Each structure stands twice: as structure tokens, then as C-alpha cells.
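# Summary of the model geometry
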Amino acid sequence: MSMYRFGSRLNVIVALFIVLILFTGCATSGVLPTPTATATPEATNTPAPEATSTLTPEATATAFHEESLNSSKYDNVFVYTIEEKENEGRSLLHVAYPVTEQEAINTHLEEFSQKFIDEFRTTAAEQEETYQAYLRDTGEKAVSSGALYNQHFDVIMANTSLISFAIEQYRSLGNTGSTDVTVYFFDRMSGTELTISDLFIDESYLERLSTLTRIELEQRALIQAEGLDFSSDLARQEWLQGQQERIRTGTEPIEENFDSILFEDGGTVRVLFDRYQVGPGSDGVVEVTLPAASITDLLTPATRELLGIEVKAPSPTALPSATPVPAPALTPTPMPEAQTAPPPPAEPMVVQTESEVNCADVPCVALTFDDGPSVFTNGLLDLLKERNVRATFFVLGQSARVQPETIVRMKQEGHQIGNHTWDHSNLTQLSDALIQEQIEQTDNLIIQLTGEPTQLLRPPYGAYDEYVLSVAQLPIILWSVDPLDWKDRDAELVASRISDAPIGSIILAHDIHETTVAAMPSVIDALGNRGVNFVTVSQLLAPPALVSGQTYRRQIAP
Ligand code: NI
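Right, let's walk through the structure included here. (Residues numbered from 1 in each chain as written. Predicted model: local features only at pLDDT ≥ 70, side-chain atom pairs only at ≥ 80, totals over all residues. Heavy atoms only, no water.)

## Focus on the overall build of the protein chain
Under the convention used in this document: Think of it this way: any DSSP run of H or I at least four residues long counts as a helix, any run of E at least two long counts as a strand, and we number them from the N terminus. Burial classification: accessible surface area is computed with a 1.4 Å probe over protein chains only, and a residue below 20% of its type maximum counts as buried, one above 50% as exposed, and the rest as partly exposed. Contacts are residue-level and defined by heavy atoms, with any inter-residue pair within 4.5 Å sufficient. Each accessible area is a Shrake-Rupley estimate made with a 1.4 Å probe; only the visible protein chains count as cover when residues are assessed.
Within the protein chain, the secondary structure is distributed over 14 helices and 16 strands. Looking at the protein chain as a whole, 54% of its 558 residues are labelled buried. Intrachain contacts of the protein chain at a sequence separation of at least 6 include 72% that bridge at least 24 residues. Taken as a whole, the protein chain presents about 23100 Å² of accessible surface, with 52% of it coming from carbon and sulfur.

Structure follows, in C-alpha cells:
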């Protein structure tokens, strides 16, 4: 099945993503620090050459209104996360995709993600060959040689009958990076993927969009012709004719011409035209914004409901969209076994953790979990609650946005929430502005959800340098015990590596792996039997007050 035959899938360049972020930013801009066309937090790693030129000032302005996180669209959506390090960390992969109550949707997105992962593995192997050859020939290590792949997503909109995701895929080799965004629409009842045309009652939307966009683009061309210098009136005329011809072809009422349509919360529809479709390449992606009312009469009732447009006279063919989605037990497809931790032993050890444990007097360790929240985090929280164990979660902003309730729960149950950046970027490869954005954007979301800022930073991949230390406004928390739970997906092995952790350890683990969660009952038993208290990182390290830009790996010797 060709990607381009499916209208709802937009496979586009970063320029488009910026438009998209402005769009999604409207729903979540309480989270995004005033997104701008030039520096969207989500497009961090990527140079965005032409993106800005395609945005009209009006289009940019719409992104600036403040709204709080619309968590209802994330109901029943969880994050499945995969991380890989290849060739001693020279190639890095971080992939997140949605898991919903609808198995067919999950399978679809899993397969989509798997292609990206396979491509990463191939690229990483090729890069490694080049790296080794260079090393052989010159005796030197190449500075930048690995592949960096990052996939994350946002829920664009969701109700009980439809759900839409934007999945961003970033690929980088050395200094060159590229981003693709794919937008999916699914029928949530059946799990069927929908095309753009499925959102409309019939094909008449094509004629409507064709007319409206052609009028707008022809007007723009006229205005543009006025502003340009031509050698003669004839030259102007010829230029204009060329433009009009491109516009006519590019807006012909066929599906391929209207495969990128974004519905905005604020009652507008954005029609995006590929580079070269309606203008010269220098125009980049061209966008026409229309009032939603100009086509809402052609939308299916389910789509209208999704967009929050009142359906005045529901037709008898309306989908049963009012039926609430039953919330079936969530079983993510990639993991056939239960998503929660296995039942604890008959008499689980309940560790007595006083809220004011003084780690100067009693033995303590800090359990830390990175890269969540994920589809496995709630199971872990259940377990920690049952055993009265406190931990520290270094969360990703992008995943926290999808699972806001999990973050609220962490806070309510006495855990500490640390900052692990927005999208698991390698901070050593970012400018100071982008490093701050990664941290602040996450922080803003956590404040919104818990009322408190994050006080600790754990850089993704543990990667930092002097520059990162000087820019980060937070203490950097590393670790002293690494059970390699990302590498060995073996609960017993992971548990045995943690269980003899020295007093004062900061223990690294990841709540994105089912096996890690499954290892925790044994870990709690083993350490608890040694009289060890499980405390948050701040408790373990206090006093003294932690210093921004300093690194900490274990309890500071009293
Ligand atoms: Ni991480």
C-alpha cells in the first residue's frame, strides 16, 4: 500500500510540522512556551529553512492564545517507548507510539514504527562500517558518526468515534537532520484507518476546497505581482499566467491535491499544499486558512462531533458516536503478557518509609525511573504504593502530555518528578536556547499538572558536557548503579543487579520496560530485608542544598 494513496497520511517535511505544531499548540499552548515559527520546541534538532516563509503573520498569531492542557483527548491513550543504543552509544534510537484501547490501531502504529526502527538498524550498521574503516585507515575516531533516530507523537484530537495522531520522525546523520510528520485518522470503534475523504459525506468537498483555495491563491498571486519588479508589463503578465497555471493544476478537485488538511480548534481549516504544488519551490509548503464553516456542512456527523461542531439535525446515518467507549483492560499489542507487574509474593515486604527519613542516620537508596510515563508506569505505581516505596521519575514532557493523569498520580503518591527533557534529545548536540527549551517546556507542563517545577535534571543518555552544565539551570542527577535493564530484558537478572546496591546509591531504571517493573518486587524485598529505606533523590541528597550545573551520582558522604 503506497503511503500516498492514503489521503489522511501526510508525509511531509519539517516545514509542515511547524505548521502542525502551531496547530496542535492551540490545544496545548499552556504547555508550549509561546511557540513561534522559527523555534518550535518540537522541531528542536532540525534546521527549518523554508518553514517560516510559508506562514502568514495571521497564521502565526493564532498560535499565541493560551489554553490549558486538554487532557480529555488523551483518555485511554498511553505511550509505548522503545530505546536502543548501538555500537557503544554511537547510534541512538528513541521511539514512542500510542497505545489505545483499540488493538487494530495499536497494531497499525506498531508496524509503522517498526519500519522506522528497522531503517535505523540498517543505517546504524552502515555508519558503523564507515566509522570502523576510518578508524582503521587513520587511527583516529571520527567525531560524528552515528545515527540518531527519534520518533514521538501527539494526539491531535480524539473523541469516542474518531482519533487522530501526528507522529514526528526525526532522522539525523552527523550534521544533517530531516523530519517527517505523518498524520493518522482512525475510526475508533473499528480501528480502521480513515482517509481525508472518509471525513466527508461525499466527494463534493473536493470541488468546494478547490474553488475556495484557488480564489485565495489567485488573489495572493495578484498582490505578489504588484510587489515584484519586472522589466516590462509583458513580463509581469507572463509571470502571472505561469502562477495561475500552477494554481489551477495544484487545486484541481482531486484527492491528491487535498491530502493535507488540518482542522483547528479555533474554527478554521488549514489546507496545505506540497512544495511546487501551487507555486515555485521557493514558496515551500503553501498554506491556505479557511473558516471551518465553509466546509462543515460537508463533514460526516462523526467528524463534526470530533471537531466540536454542533450537529443540528443528526441524520439517521449518524455513527453511534454518543456511545461511550467502554474502557477495556488495556493490552498493548507488543507485549502479550499483562502490562502490570506480576502479583507480589504472598506476603509482600512493606517498607516503612517515614516522610522525614533522615538518610544521614539510616540507610537509604533512591530508585529512579527514566523515560516515562509509559503504558507500564501505572502498574509500577500500584506496586510502589502497595509496598509504601518512594521513587523518583525522570519524565519526558512529550509522554507526560499524553499521560497527564500518571504524572498527577506520581505526585499524589509521594514520588519526586524530575526532568528528562521534552523529547529525549541528546543535549550535547543542541544550542543553549534549545537546551533551555527542552527543559523549560517540560517544566511548564509539570507545573501545570502538579503545581511544582521539576528540581532535578537527568540528561537523556546521561550525555552532558561543560556546555550543558553551564546552560542547565538544575542539578544534574546521574547514577551509581546501572542494571542495564534496557539491554537485558530479564526481570531476575535486573533484580539481582540492583539488589546488592550499596547504601546511598542512586539506582537507574526505566519504567518503559515491562521486565524492569517485574523486577521491582524482588528488588524491594532484597533491599528492604537489609533495612534500606527507599527515598526520593532530593531526600537522599539532602542536606546540603543541591547546586545547579553540578552532577550527583550517589549520596553525599556525611
Ligand atoms: Ni532516557
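Following the structure, the description resumes.
## Here's the deal with the packing of helix H7 (residues 377-386) against helix H9 (residues 404-412)
Quick note on the threshold: Between N-to-C directions, angles cover 0 to 180 degrees, with each direction set by a line fitted to C-alpha atoms, over the stretch in contact for helices. These descriptions rest on fixed angle ranges, namely under 35 degrees for roughly parallel, over 145 for roughly antiparallel, 65 to 115 for roughly perpendicular, and the rest for oblique. Working rule for handedness: look at the near helix, and if it is turned counterclockwise from the far one by less than a right angle, call the crossing left-handed; if clockwise, right-handed. Charged means Asp, Glu, Lys or Arg here, nonpolar means Ala, Val, Leu, Ile, Met, Phe, Trp, Tyr, Cys or Pro, and polar covers whatever is left, Gly included.
At a closest axis distance of 11 Å, the pairing of H7 and H9 adopts a crossing angle of 15°. Relative to H9, the element H7 lies roughly parallel. Judged by the sense of rotation from one axis to the other, the crossing of H7 with H9 is left-handed. On H9, the residues that touch Thr377, Asn378, Leu381, Asp382 and Lys385 of H7 are Thr406, Arg409 and Met410. Among the residues making up the contact of H7 with H9, the classes are represented as two nonpolar, three polar and three charged.

## Side note on the packing of helix H12 (residues 491-499) against helix H13 (residues 514-529)
Packing of H12 against H13 brings their axes to within 8 Å, and their N-to-C directions diverge by 40°. On the basis of the axis angle, H12 is oblique to H13. Here H12 and H13 pass one another in a crossing that is right-handed. The segment H12 lies against H13, with Ala491, Val494, Ala495, Ile498 and Ser499 engaging Thr515, Ala518, Ala519, Met520, Ser522, Val523, Ala526 and Leu527. Here the residues of the contact of H12 with H13 are counted per class, giving 10 nonpolar, three polar and no charged.

## A closer look at the coordination of the nickel ion
Short version of the rule: Any N, O or S atom lying within 2.8 Å of the metal counts as a donor, and for Na, K and Ca the limit rises to 3.2 Å; water is left out, so some sites can look incomplete.
Those donors, Asp371 (OD), His420 (NE2) and His424 (NE2), are the protein atoms that reach the nickel ion, and they lie 2.0 to 2.2 Å from it. All donors to the nickel ion come from one chain, and their sequence spacing reads D-x48-H-x3-H.

In short, the description is geometric, and any link to function would need to be established separately.
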